[in-house]
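Structural overview
So you can see what is in the structure, the chains are spelled out below.
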Amino acid sequence: MGHVADGLKVPAAVALGAATAVAGLLFLLMALPFRANRQVGAMAVRLAGAEAGRVGAGELERFDAGRAMRYLAARAPVGLLGGIVVALLVIGLVTGVRITTLWGSGETFDGMTPTPFLVTYLLLAGVVLLFLDISGLVGVRGLERRIARRMLGPDPTAALRRRITELSDSRAGIVAAVDSERRRIERDLHDGLQQRLVALSMLIGRARRGGRTDLMAQAHEEAQQALAELREVAWRVYPSGLDALGLSEALAGVAMRSSVPVTVQCDLRERPPMAVETVAYFVVCEAVTNAAKHAAASLVRVEVRRDGMMLHVRIEDDGTGGARAEGGGLSGLARRVAALDGTFEVSSPAGGPTVIEAVLPCA
């Protein structure tokens, strides 16, 4: 039934297109002397937009009254052609029903009786004509959509320029994100690990000179903490476990190391590309770190799922909110995501909750 309903939509849409083509043509004839009028131009834009939406032209640019009127003029012949095709289909169906009814009741049609040769001939002719009518309907429908996209859609040159600009911005963003990450690693090494190693060296020196076991125990503890910080910095540079364990296990490790309770729901039937896994991992890491350090959160929920060729990453915390996508580490994450042609959104009203979402293409 569904296929039948879809099939009936095509002739109905083409018939509607024929009616709107006549209406559009009448509008153009009446509006032509007043085409400089702003209200007439606005009406033309609305009519063209409605027509483009009817034929399913997809995403369109903003267009002016001139383009709208040219489109209405260009689609009028196509709409009228569609009306002729629909009319021929109706005439053929009515004629076929009439012939069947008359011959079934024993009467003649136009003086003709139902001989085997004549029935076969009319049946074959009817099938061929029906096929041609259906092909004409589909062709008119596709031509209407193509005209709308061609005359109202984005200019290919302009779209290419925008794409070049986006790629240039994303490349610059990658460089900025790498530089920012290097400064962050240098700061972690200098302010944290280096200071701890200096203190450890002094403790060992004092213990050697004085033979004090308590200082040796303290030095051992400092060494353990230094190793933990070094391991943390190394994971921030690149999570080595991601290669062997996959994204789900790597995120479980993030949850274990977090000072805030983290729940992870990772629904992946197959592993995404390594570049996508890496960006998803860093998005979760940064979001969890921000929730612990700045949002005073008591719980963080992480959801990772794949929908077709897109990987969806969502992190929500119950903290105080106020996070900004252009601030701190989140701006670096946005650049990482943009480098893969993904989308990155942050919703963090005052008082919370904070929701960070990234959508990454896996192609």
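Now for a look at the structure at hand. (Residues numbered from 1 in each chain as written. Predicted model: local features only at pLDDT ≥ 70, side-chain atom pairs only at ≥ 80, totals over all residues. Heavy atoms only, no water.)

Bringing helix H4 (residues 116-152) into the picture now. The end-to-end C-alpha distance of H4, which contains 37 residues, comes to 54 Å, matching closely the 54 Å that a straight helix rising 1.5 Å per residue would cover. Those residues of H4 not exposed but buried are Leu118, Asp133, Gly136, Leu137, Val140, Arg141, Glu144, Ile147, Ala148 and Leu152. (Helix = DSSP H or I, 4+ residues; strand = E, 2+ residues; numbered from the N terminus. Expected span 1.5 Å × (residues − 1). Buried < 20%, exposed > 50% of the residue type's maximum accessible area, 1.4 Å probe, protein only.)

A word on the nonpolar core. Core analysis: the biggest nonpolar cluster contains 34 residues, and Tyr281, Val283, Leu311, Val313 and Ile315 have the highest contact counts within it. When residues of this core are traced back to their parent elements, those giving at least two are helix H8 (247-257), helix H9 (274-293), strand S2 (300-307), strand S3 (310-317), helix H10 (328-339) and strand S5 (354-361). With 11 residues, H9 is the largest single contributor of residues to this core. Excluding residues within four positions of it along the chain, Val313 makes contact with Ala280, Val283, Val284, Glu303, Val304, Ile356, Glu357 and Ala358. Grouped together as the second largest cluster of nonpolar side chains are 24 residues, Ala52, Val55, Ala68 and Tyr71 included. (Core = buried A, V, L, I, M, F, W, Y, C linked by side-chain atoms within 4.5 Å. Contact = heavy atoms within 4.5 Å.)

Read from one edge of the open sheet, 5 strands run S1-S2-S3-S5-S4, paired in mixed fashion. Each edge of the sheet is formed by a strand with only one pairing partner; in this case those strands are strand S1 (262-267) and strand S4 (343-347). Looking at each pair of strands side by side, their axes are set apart by 10° on average, direction ignored. Both S3 and S5 contribute to a ladder of 8 bridges, which runs antiparallel. Counterpart to His312 in the pairing with S5 is Val359. In the packing of H8 onto the sheet, contacts are made with S1, S2 and S3, and the angle to S1 comes to roughly 175°. Across the sheet, H9 lies against S1, S2, S3, S4 and S5, angled at about 5° from S3, the strand it touches most. (Pairing = 2+ DSSP bridges. Axes fitted to C-alpha atoms, helices over the stretch in contact; angles between N-to-C directions.)

Quick look at the packing of H8 against H9 now. Orientation of H8 relative to H9, taken along the N-to-C sense of each, is 15°, at an axis distance of 10 Å. With respect to each other, H8 and H9 are oriented roughly parallel. Seen along the crossing, H8 lies across H9 with a hand that is right-handed. Listed contacts from H9 to Leu247, Ala250, Leu251, Val254 and Arg257 of H8 are Glu277, Ala280, Tyr281, Val284, Cys285 and Val288. In terms of residue class, the contact of H8 with H9 is built from 9 nonpolar, no polar and 2 charged. (Parallel < 35°, antiparallel > 145°, perpendicular 65-115°, else oblique. Left-handed = near helix turned anticlockwise from the far one by under 90°. Nonpolar A, V, L, I, M, F, W, Y, C, P; charged D, E, K, R; others polar.)

Position of Glu316 among the secondary structure elements: in strand S3. Taking C-alpha positions, Glu316 is 9.4 Å from Ser347, a pair spaced 31 residues apart along the chain. Those residues in contact with Glu316 that lie beyond four places of it in its chain are Leu299, Val300, Arg301, Pro353, Thr354 and Val355. A polar contact of 2.9 Å, which involves the side chain of Glu316, links it to the side chain of Arg314. (Polar contact = N/O pair within 3.5 Å; in protein donor to acceptor, adjacent residues only side chain to side chain.)

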